[in-house]
Amino acid sequence: MAGEDTQTLWLEFRRTNDKAIRDRLILTYAPLVKYVAGRLGSGLPAHVDEGDLVSYGLLGLIGAIERYDPGRDIKFETYAIARIKGAIIDELRALDWVPRSVRSRAREIERAIAELEAKLGTAPTDEEIAAKIGITVAELEDSLTDISRSSIAALDELWSVSGEGDQVSLLDTIEDTTGPRPAEVLDETEMREALADAIARLPEREKLVVTLYYYEELTLREIGEVLGVTESRVSQLHTKAILRLKARLAGAAARA
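Below, the structure is looked at part by part.

Calculation notes
- Residues numbered from 1 in each chain as written.
- Predicted model: local features only at pLDDT ≥ 70, side-chain atom pairs only at ≥ 80, totals over all residues.
- Heavy atoms only, no water.
- Axes fitted to C-alpha atoms, helices over the stretch in contact; angles between N-to-C directions.
- Helix = DSSP H or I, 4+ residues; strand = E, 2+ residues; numbered from the N terminus.
- Parallel < 35°, antiparallel > 145°, perpendicular 65-115°, else oblique.
- Left-handed = near helix turned anticlockwise from the far one by under 90°.
- Contact = heavy atoms within 4.5 Å.
- Nonpolar A, V, L, I, M, F, W, Y, C, P; charged D, E, K, R; others polar.
- Buried < 20%, exposed > 50% of the residue type's maximum accessible area, 1.4 Å probe, protein only.

**Examining the packing of helix α2 (residues 19-41) against helix α3 (residues 50-67)**
Right, on to step 1. At a closest axis distance of 8 Å, the pairing of α2 and α3 adopts a crossing angle of 135°. Between α2 and α3, the interaxial angle falls into the category oblique. Note on packing geometry: the crossing formed by α2 with α3 is right-handed. Within the contact between the two elements, α2 uses Arg22, Leu25, Ile26, Tyr29, Ala30, Val33, Lys34, Ala37, Gly38 and Gly41 and α3 uses Glu50, Leu53, Val54, Gly57, Leu58, Leu61, Ile62, Ile65 and Glu66.
Right, on to step 2. The residue inventory of the contact of α2 with α3, partitioned by class, reads 12 nonpolar, three polar and four charged.

Structure, rendered in structure tokens:
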């Protein structure tokens, strides 16, 4: 995308700040917005319109174009994707469409995982998590489905760059306002190490889902085809993995 013509546009825009050139850059990079909106939209409830996500993302793209420094050692696409994603997620948070009961259940599952793991020394099973909370395994699965429907794929944000001092938020699929966030306690290197360690210790199928989704960039449907299960089952596995990772990172931050 960033060929010689685009490079010329960047240099000209930086020199003149011309609105017509900015508009040409917006058109050049508009497919990035569609890509990010599509990826985030795949994990959201049906009533969240992808067209709205695109319009939120365009604001992020415009901000990225206006603030990008072509002299920096970072590709514009990498920088822009982080800002587009941030703009969409900020807008979704402002709408506050995650029901309080779903948030509360997500924190409950996360706490149960953390306590069981501390006690058992291994990743707890669905049966153990359900028993700890006092619900059936079927109710746990329904809860995971509800959480996955109202959450945004969050690990993506960890590998995003921070732009102009903005700290890209970390693993907050479900915003938790209680207690310090791991990002505020651990530095970036410690956070990446803690995350890599947490992923390595996930149960095998959850680890596979995380790897295929975040590293191989398969969709949840494609992962279902690989594993031979339904897309909704993959969604549950993904949500469970996110909650386990959040519990582990919170534990790493508490020990820091």
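From this point, things continue past the structure.
**Considerations on unusual backbone geometry**
Right, on to step 1. With a phi close to 60°, Asn17 is a non-glycine residue in the positive phi region.
Right, on to step 2. Of note, Asn17 is situated in the loop between α1 (4-16) and α2.
Right, on to step 3. Given a relative accessible area of 56%, Asn17 falls into the exposed group.

**Considerations on the environment of Val48**
Right, on to step 1. With respect to the helices and strands, the residue Val48 is situated in the loop between α2 and α3.
Right, on to step 2. When the C-alpha atoms of Val48 and Leu92 are compared, they prove to be 9.2 Å apart, with 44 residues separating the residues in sequence.
Right, on to step 3. When sequence neighbours within four positions are dropped, the list of residues in contact with Val48 reads Leu53 and Leu92.

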